Amino acid sequence: MTATDILNKHFGFDTFRGQQRQVIEHVLAGKHTLVIMPTGMGKSLCYQIPALMLDGLTIVISPLIALMKDQVDVLQKRAIDAAFINSSLTRKERESRYQAVADGKFKLLYVTPERFRKADFLVTLANRRIDLLAVDEAHCISEWGHDFRPDYTRLSEFRDKMNNPTTIALTATATPEVQQDIIRQLGLPADEVKLVH
C-alpha cells in the first residue's frame, strides 16, 4: 500500500498538502528530518503515515497528555493501532499497555519524554524493533525554545538505547538557532538531517 493509499483509506484525503509527501519520502528513506510546518498543515501525518508503512514500532514523544489522548482517540477511530502510556493510567492499565507493546500490538505509541525515566518502560522496549522516533512540538527540546523541559535533553541518550532509529522532529516555528539546538540535543548528525519548511 502506498502513502497515498493510506492517506485515502485511513485519513480520507485524496492528495497531500504542502511538503507532506516530501517529508514522508525522507522518513521512509531512513533520513532524519526536521519539519517546520504551521499549525493546521497536517504535521502529524508526516509520521503517522510512515508508521503504518514501516514494520516496527513508531514512538511519538509529545509534551502534553491531553494532546496525545486526542490524537490516539482519532487514530483508533480510523482503525489504526495506537496507544498512549502516561500518568493518567492506573498501574493496572499501564502494565496492560506495557504487555501489549511487548506483544507487538501497536504501530504508534505516544509518551511524554519523562516516560523514558521509567526502567519498566525501557525493559518493555528492549525487545521491540523501533523504526521511527517522532518528536512532536520539538521546540520543547531547545533551551532557546519557550517550553524547555529537562527530560527532552536526554532524548539522545534514549535514542542510543533504541539503536538510533530514524528520527523526525516537528514544530510549527523555530528560529535557525532553535533548529540547530534541536538537532544537537537529539544527537543527530547535522549533515544528515533534512530540513523541510
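What comes next is a walk through the structure. (Residues numbered from 1 in each chain as written. Predicted model: local features only at pLDDT ≥ 70, side-chain atom pairs only at ≥ 80, totals over all residues. Heavy atoms only, no water.)

### Some thoughts on the sheet that holds strand β7 (residues 194–196)
Okay, so step 1: In space, the 7 strands of this open sheet follow the order β3-β4-β2-β5-β6-β1-β7, with parallel pairing throughout. Sheet topology places β3 (82–85) and β7 at the edges, where each strand pairs with a single neighbour. When the angles between neighbouring strand axes are averaged without regard to direction, this sheet yields 20 degrees.
Okay, so step 2: In the sheet, β3 pairs with strand β4 (residues 108–111) via 4 bridges, with the strands oriented parallel. (Pairing = 2+ DSSP bridges. Helix = DSSP H or I, 4+ residues; strand = E, 2+ residues; numbered from the N terminus. Axes fitted to C-alpha atoms, helices over the stretch in contact; angles between N-to-C directions.)

### Quick look at unusual backbone geometry
Okay, so step 1: One non-glycine residue, A79, lies in the positive phi region at around 60 degrees.
Okay, so step 2: Topologically, A79 is positioned in the loop between α4 (65–77) and β3.
Okay, so step 3: On the basis of relative accessibility, which here comes to 63%, the residue A79 falls in the exposed class.
Okay, so step 4: We note that N164 has phi near 50 degrees; this positive angle belongs to a residue other than glycine.
Okay, so step 5: Here N164 lies in the loop between α7 (155–161) and β6 (166–171). (Buried < 20%, exposed > 50% of the residue type's maximum accessible area, 1.4 Å probe, protein only.)

### A word on helix α1 (residues 3–11)
Along an α-helix, a turn takes 3.6 residues, which lines up residues three or four apart on a common side.
Okay, so step 1: Those residues of α1 lying buried are A3, I6, L7, H10 and F11. On an axial view of α1, the arc spanned by its buried residues comes to 105 degrees, and they lie on one face.
Okay, so step 2: Elements in contact with the buried residues of α1: α2 (20–28), α3 (45–53) and α4.
Okay, so step 3: Positive backbone phi, at 75 degrees, marks G12, one or two positions downstream of α1. (Arc of directions from axis to C-beta. Contact = heavy atoms within 4.5 Å.)

### A few points about the pairing of β6
Okay, so step 1: Of all 6 residues that make up β6, 6 are buried, and the element is covered over most of its length.
Okay, so step 2: Here β6 shows no split at all, with T166, I168 and L170 on one side and T167, A169 and T171 on the other all buried.
Okay, so step 3: Taken together, the 4 bridges between strand β1 (residues 33–36) and β6 define a ladder with parallel strand orientation. Counterpart to T33 in the pairing with β6 is I168.
Okay, so step 4: Bridge count between strand β5 (residues 130–135) and β6: 4 bridges; the pairing is parallel.

Note that all results are geometric; they support no functional claim without further evidence.
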